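Now for the letters of each chain:
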Amino acid sequence: MSECLTFEYQVSGDDFTRAGEASSDVKNKLKMMGVDSGVIRRVAIAMYEGEINMVIHADGGSIKVLVSDDNIRLILADTGPGIPDVEKAMQQGYSTAPEEVRSLGFGAGMGLPNMKKFSDNMQIDTEVGVGTTVTMDIHL
Amino acid sequence: MLIREIKTLLDAQILSGEQMLDQDVAEAFASDMMSDVLAFANPHCVLLTGLCNPQVIRTAEMLDVSCIVFVRGKPLDSEILNLARAKDMCVLHTEKGMYTTCGILYSSGL
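Per an unreviewed UniProt entry, the recorded name for chain B is DRTGG domain-containing protein, and the organism is Claveliimonas monacensis.

By the naming in an unreviewed UniProt entry, chain A is ATP-binding protein, taken from Claveliimonas monacensis.

Right, dumping it as structure tokens:
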């Protein structure tokens with residue numbers, strides 16, 4: 001197995017205005033590493049949506065970014081309420097976000113579909129009352 | 001279309017990124033929903049929005065959007081503008097509504 005470069009972040013759940021700082025930092029790091037700009041954009045969008053989801057639904061969480069020679073893996077873990085119906089949550093337009101979040105420009109039911117769209121592979125491990133871990137791979 | 005032309009057409013104020021006025025842009029995307037912007041906007045477009053919070057700047061950053069036009073004359077707080085300046089983004093501010101803004105830019109060739 002090739003060597004991995006790892007970045008780790010804690011996402012605070014109580015400050016919506018700061019959501020996206022981790023994704024912004026990863027974007028800058030990948031840029032400095034000379035990663036293709038299209039790949040960086042996909043990583044940034046997928047991670048940003050995940051970060052926003054964590055703030056909206058799960059009171060924050062942690063994000064691990066593993067960069068190897070041929071893949072970037074994003075692991076977003078929270079101890080939030082879990083997703084009762086993953087299939088439904090994956091539908092474009094389905095949202096359980098409160099009205100307040102919609103007025104901030106999110107919660108349109110595009111978060112998880114966007115994460116799937118911009119990654120090559122996405123896995124959701126979730127248990128109601130325990131939390132959710134989303135793992136995404138973006139190939140280099 | 002140059003950002004300078006967009007500024008003139010929309011009778012807009014420039015609040016950040018004056019050095020970018022001669023940058024050329026090929027298309028625009030208009031939405032108040034940032035998730036839709038992330039899903040459907042092409043990179044490097046001009047973002048037209050009536051939403052005023054720092055996540056607009058973050059969304060633009062993720063998409064490599066370097067020019068944002070805030071419509072409907074809503075006031076922008078310093079947090080938004082400071083973030084835009086830190087990210088080297090051009091911010092225009094127009095009193096015109098979204099429909100009028102889109103119509104003017106579309107009919108002018110953008």
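A. Inspection of the environment of A:Asp15 at higher detail. All names here are of chain A. Relative to the elements of secondary structure, Asp-15 occurs in the loop between strand S1 (5-12) and helix H1 (21-32). Classification of Asp-15 by relative accessible area gives partly exposed; the value is 26%. At 2.6 Å, the side chain of Asp-15 and the side chain of Thr-17 are in polar contact.

B. Molecular detail of the packing of aromatic side chains. Residue and element names in this part refer to chain A. For the coordinates displayed, the defined rule picks out 2 aromatic pairs over all chains. A ring pair is formed by Phe-16 and Phe-106, whose centres lie 6.0 Å apart and whose planes are at 70 degrees; its orientation type is edge-to-face. Of this pair, Phe-16 sits in the loop between S1 and H1 while Phe-106 is found in the loop between helix H4 (99-102) and helix H5 (111-118), placing the two residues 90 residues apart along the sequence. Comparing Phe-16 with Phe-106 shows no difference in burial state: the two are buried. Aromatic pair Tyr-48 and Phe-106: ring centres 6.0 Å apart, planes at 80 degrees, arrangement edge-to-face. Linking Tyr-48 in helix H2 (residues 37-57) with Phe-106 in the loop between H4 and H5, this pair joins segments that are 58 residues apart in sequence.

C. Looking closely at the UniProt feature "domain: DRTGG" (unreviewed entry) in chain B. When the UniProt feature table is mapped onto this chain numbering, "domain: DRTGG" (unreviewed entry) sits at residues 5-105 of chain B. Helix makes up 38% of residues 5-105 of chain B and strand 19%, with an end-to-end C-alpha separation of 10 Å.

D. Summary view of the sheet that holds strand S2 (residues 60-67) of chain A. All names here are of chain A. On the basis of which strands lie adjacent, the open sheet formed by 5 strands has the order S1-S2-S3-S5-S4 and antiparallel pairing. Each of the sheet's edge strands pairs with one partner strand only, and the pair in question is S1 and strand S4 (121-127). For this sheet, the mean angle separating the axes of adjacent strands, direction not counted, is 10 degrees. In this sheet, strand S3 (residues 71-78) lies alongside S2 in antiparallel orientation, the contact comprising 6 bridges. By the bridge assignment, Val-65 is partnered in S3 with Leu-74. Running over the sheet, H1 touches S1, S2 and S3 and is turned about 160 degrees from S1. Strands in contact with H2 are S1, S2, S3 and strand S5 (131-139); relative to S3, the strand with the most contacts, it is inclined by about 5 degrees.

Thresholds applied
All residue numbers here refer to positions counted from 1 along the written sequence of the relevant chain. Note on labels: chains are lettered from A, ligands numbered from 1, in written order. In keeping with the predicted nature of the model, local features appear solely for residues at pLDDT of at least 70, side-chain atom pairs appear and are counted solely at 80 or more, and the whole-chain, interface and lining totals rest on all residues. Note that water and hydrogens are dropped before the side-chain values are worked out from all heavy atoms of the structure. Helix numbers and strand numbers start at the N terminus; a helix is a DSSP run of H or I with at least 4 residues, a strand a run of E with at least 2. Three labels apply to residues, based on accessible area from a 1.4 Å probe with only protein chains included: buried if under 20% of the type maximum, exposed if over 50%, partly exposed otherwise in between. Any pair of nitrogen or oxygen atoms within 3.5 Å is treated as a polar contact; in protein, a donor-acceptor pairing is required on top of that, and neighbouring residues in sequence qualify only through side-chain atoms on both sides. Only rings of Phe, Tyr and Trp enter the pairing, Trp through its six-membered ring, and a pair is recorded when the two centres are within 6.5 Å. The plane angle decides the type: under 30 degrees is stacked, over 60 is edge-to-face, the rest tilted. UniProt positions are given in the numbering used here, feature names are shortened, and annotations may be inferred rather than shown by experiment. Should DSSP find at least two bridges between two strands, the strands are regarded as paired. Every axis corresponds to a line fitted to the C-alpha atoms, with the helix fit spanning only the stretch in contact, and the corresponding angles, defined between N-to-C directions, vary from 0 to 180 degrees. Whether two residues are in contact is decided by their heavy atoms, any of which lying within 4.5 Å being enough.

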